[in-house]
Structure formats: structure tokens, C-alpha cells
Amino acid sequence: MGIEDLIPKDKFDDSHIDELNTIDKIEVIPILGTLLGWLKDPNWPVAQALFPVLPRFQFELIDHILEVFHSSDDIWNNRKFLYLQ
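Residues numbered from 1 in each chain as written. Predicted model: local features only at pLDDT ≥ 70, side-chain atom pairs only at ≥ 80, totals over all residues. Heavy atoms only, no water.

*Asks:* Honestly, the overall build of the protein in this entry has me stumped. Any pointers?
*Replies:* Secondary structure summary: the protein contains six helices and zero strands in total. Taken over the C-alpha trace, the protein has a radius of gyration of 12 Å; the compact-globule value for 85 residues is 12 Å, and the two agree within 12%. In terms of overall dimensions, the protein has a C-alpha envelope of 35 × 25 × 20 Å along the principal axes. Here the protein, with 85 residues, has 33% of them falling under the buried criterion. Considering only residue pairs separated by 6 or more positions, the protein has 64% of its internal contacts joining residues 24 or more positions apart. Element-wise, carbon and sulfur atoms account for 55% of the exposed surface of the protein, whose accessible area totals about 5,400 Å². Side-chain charges of the protein comprise 7 positive and 15 negative groups, with the mean position of each set lying 6 Å from the other. (Helix = DSSP H or I, 4+ residues; strand = E, 2+ residues; numbered from the N terminus. Rg over C-alpha atoms; globule rule 2.2 N^0.38 Å. Buried < 20%, exposed > 50% of the residue type's maximum accessible area, 1.4 Å probe, protein only. Contact = heavy atoms within 4.5 Å. Areas by Shrake-Rupley, 256 points an atom, 1.4 Å probe, with all protein chains shown as cover. Lys, Arg positive; Asp, Glu negative; His and termini not counted. Charge placed at Lys NZ, Arg CZ, Asp CG, Glu CD.)

*Asks:* Help me understand the nonpolar core, please; the structure alone is not making it clear to me.
*Replies:* Note on soluble globular proteins: their nonpolar side chains tend to be buried together. Core analysis: the largest hydrophobic core is formed by 23 residues, its most contacted members being Leu-20, Val-28, Leu-35, Leu-50 and Leu-54. Ranked by residue count, the leading element in this core is helix α4 (residues 45-50), at four residues. With sequence-adjacent residues up to four places away left out, Leu-50 is seen in contact with Ile-17, Leu-20, Leu-35, Trp-38 and Leu-39. (Core = buried A, V, L, I, M, F, W, Y, C linked by side-chain atoms within 4.5 Å.)

*Asks:* Can you help me understand the pattern of salt bridges in this one?
*Replies:* Side chains that differ in charge, positive against negative, can pair when their charged atoms come close. Using the criterion set out here, one finds one salt bridge in the structure. The salt bridge involving Lys-40 is made with Asp-73; its shortest N-O contact spans 2.5 Å. Here the residue Lys-40 occupies a position in the loop between α3 (32-37) and α4, and Asp-73 occupies one in the loop between α5 (62-69) and α6 (74-79), the gap between them amounting to 33 residues. You can call Lys-40 partly exposed: its relative accessible area is 22%. (Salt bridge = Lys/Arg side-chain N within 4 Å of Asp/Glu carboxyl O.)

*Asks:* Can you help me understand the environment of Ala-47 in this one?
*Replies:* Structurally, Ala-47 can be placed in helix α4. Measuring from C-alpha to C-alpha, the distance between Ala-47 and Pro-8 comes to 9.9 Å, with 39 residues separating the pair along the chain. In this view, Ala-47 contacts Trp-38, Leu-39, Asp-41 and Pro-42; residues no more than four positions away in its chain are not counted.

Okay, structure coming up:
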């Protein structure tokens, strides 16, 4: 299984979320931006599954989070402060 296999296939796919808790952080870096993208809609089941996992990668996510803050994407702009806790 490759690292890309850990990326959810749809908003209901949480089949590999537990593996993100155990895999070496270095291995996850290439897919962090994609994983963060699943948080755009906090109502999606996969977003709910990722919320407790992604803080483990807080430092590795900084560049991706900055992209969100500089984004002109209306969905992100309406929700980005929701995630600051």
C-alpha cells in the first residue's frame, strides 16, 4: 500500500484514518494538503474523523494552513476561523 492509499476516496471514506495515527509523520507530508482539503465541509463524516488526527501534524501543516488563509476560495474563507481552537 502506498501513501496515496491513505487519502479518503470520498466524504464517507474513513477506512485508513487510524493508520494516520501510527504512520511516521515524514511519510504523511506528501498528502497533508489533500487531507486538509477534506476539512472544507466539517459536516462530512471524513472531516469529523480527521479532526482529531491532524493536530498530530500541526507543524507539518503550517504551510498548507497559510495557503488556506491566503486563499480566495469562498468556502475556506467562510470556515477558516471555525478551525482555530
